[in-house]
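What the coordinates show
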Amino acid sequence: MRYLALLVVVIFLGGCVPYSDNPLTDPNKEKIDAAISGIWFWNEESDSGFIHIGLNKKSKLLQVVMIEHDKDGTIDVSEFNGHTSSLGNKKYLNLKWVRPADEPKGYLLIKYSTEGESLAISLLNAQVIENAIKEGSLKGTVGKGKYAHSLSITEEQKKLQDFVLKHDKELFQEKSKLNRLNLPQPNPKK
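Residues numbered from 1 in each chain as written. Predicted model: local features only at pLDDT ≥ 70, side-chain atom pairs only at ≥ 80, totals over all residues. Heavy atoms only, no water.

Structural notes on the sheet that holds strand β11 (residues 176-180)
Put simply, the rule reads: Each pair of strands is called paired provided DSSP finds at least two bridges between the two strands. The numbering of helices and of strands both runs from the N terminus, where a helix is a DSSP run of H or I of at least 4 residues and a strand a run of E of at least 2. Angles here are taken between N-to-C directions and fall from 0 to 180 degrees, while the axes themselves are lines fitted to C-alpha atoms, restricted in helices to the stretch in contact. We call two residues contacting when some pair of their heavy atoms lies within 4.5 Å.
Spatially, β2-β3-β4-β5-β6-β7-β8-β11 is the arrangement adopted by the 8 strands of the closed barrel, whose pairing is antiparallel. Neighbouring strand axes in the sheet, compared pairwise and without regard to direction, differ in orientation by 35 degrees on average. In this structure, strand β5 (residues 75-87) lies alongside strand β6 (residues 90-99), joined through 9 bridges in antiparallel fashion. Within the sheet, the bridge partner assigned to His 83 lies in β6 and is Asn 94. Contacts between helix α3 (residues 157-166) and the sheet are confined to β5, β6 and β7 (108-115), with β6 contributing the most and set at about 120 degrees to the helix.

So, the pairing of β5
Here strand β4 (residues 62-70) pairs with β5 via 8 bridges, running antiparallel. Looking at the pairing, Met 66 lines up with Ser 78 of β5. If you look at the hairpin formed by β4 and β5, you'll find 4 residues sitting between the two strands, and Gly 73 has a positive phi there, around 95 degrees. Hairpin remark: β5 followed by β6, antiparallel, with 2 residues in the connecting loop; positive phi at Gly 88, about 65 degrees.

Points about α3
Applied cut-off: Relative accessibility decides the category of a residue: with a 1.4 Å probe and only protein chains considered, values under 20% of the type maximum give buried, values over 50% give exposed, and everything between is partly exposed. Note: the arc covers the axis-to-C-beta directions of the helix. Nitrogen and oxygen atoms within 3.5 Å of one another constitute a polar contact, given that in protein one can donate a hydrogen and the other can accept it, and given that sequence-neighbouring residues count only through two side-chain atoms.
Buried residues of α3: Leu 160, Gln 161, Phe 163 and Val 164, and no others. The buried residues of α3 occupy one face: seen down the axis, they fall within an arc of 165 degrees. Of the residues that open α3, the one with a side-chain oxygen 3.1 Å from the backbone nitrogen of Lys 158 is Glu 156.

Here we look at the confidence of the model for the protein chain
To be explicit about the condition: As a per-residue quantity, pLDDT reports the predictor's confidence and falls between 0 and 100.
Model confidence for the protein chain is summarised by a mean pLDDT of 88, while 89% of its residues fall at 70 or above. By mean pLDDT, helix α1 (residues 2-13) is the weakest element of the protein chain at 43, and α3 is the strongest at 97. In the predicted structure, residues 1-14 sits below a pLDDT of 50 and forms 37 contacts with residues beyond four places in sequence or in another chain.

Re helix α2 (residues 126-135)
Of the residues making up α2, those classed as buried are Ala 126, Val 128, Ile 129, Glu 130, Ala 132 and Ile 133. A side-chain oxygen of the first residue of α2 lies 2.9 Å from the backbone nitrogen of Gln 127; this N-cap is Asn 125. Looking at the residues trailing α2, positive phi occurs at Gly 136, about 90 degrees.

This is how it looks when you write it as structure tokens:
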């Protein structure tokens, strides 16, 4: 679960997370995977939080809201819109930031699987993406900033799909599990 805390830190602090100009599949190409809808949570020593995943009525895309509760009492909120993609027997999320609004404009690609009451998620391995861009096997840019660097994948969709399928194991090495929050059903009015 420590990786989940790292994932949250990386997402909130804008660390070296690869973003793609293109999603793995087009939005609305396939039905949204209903298995990920719900409220998921983590509870670590340093923080805890909830990830709410549901359908946005207007756009018909996924709406993902993440609320992190730090042990010092502060709360951070992030929101994404996106869709699910299936490539072979593997499942992925294609998410774009909604808030904070100053985050990168590309897609955050996340591999996921559901097993019973848990949701396993994996971010792209930044080092594998950086090496592939530098070697020329994946189109993109590597930018160096004062405090961090950025990775932008510019590969067209079909070649990106082929790359992800071919290198899936090395791209998505670390996995974090979230648990489903099952709320009690409201009592019917008497």
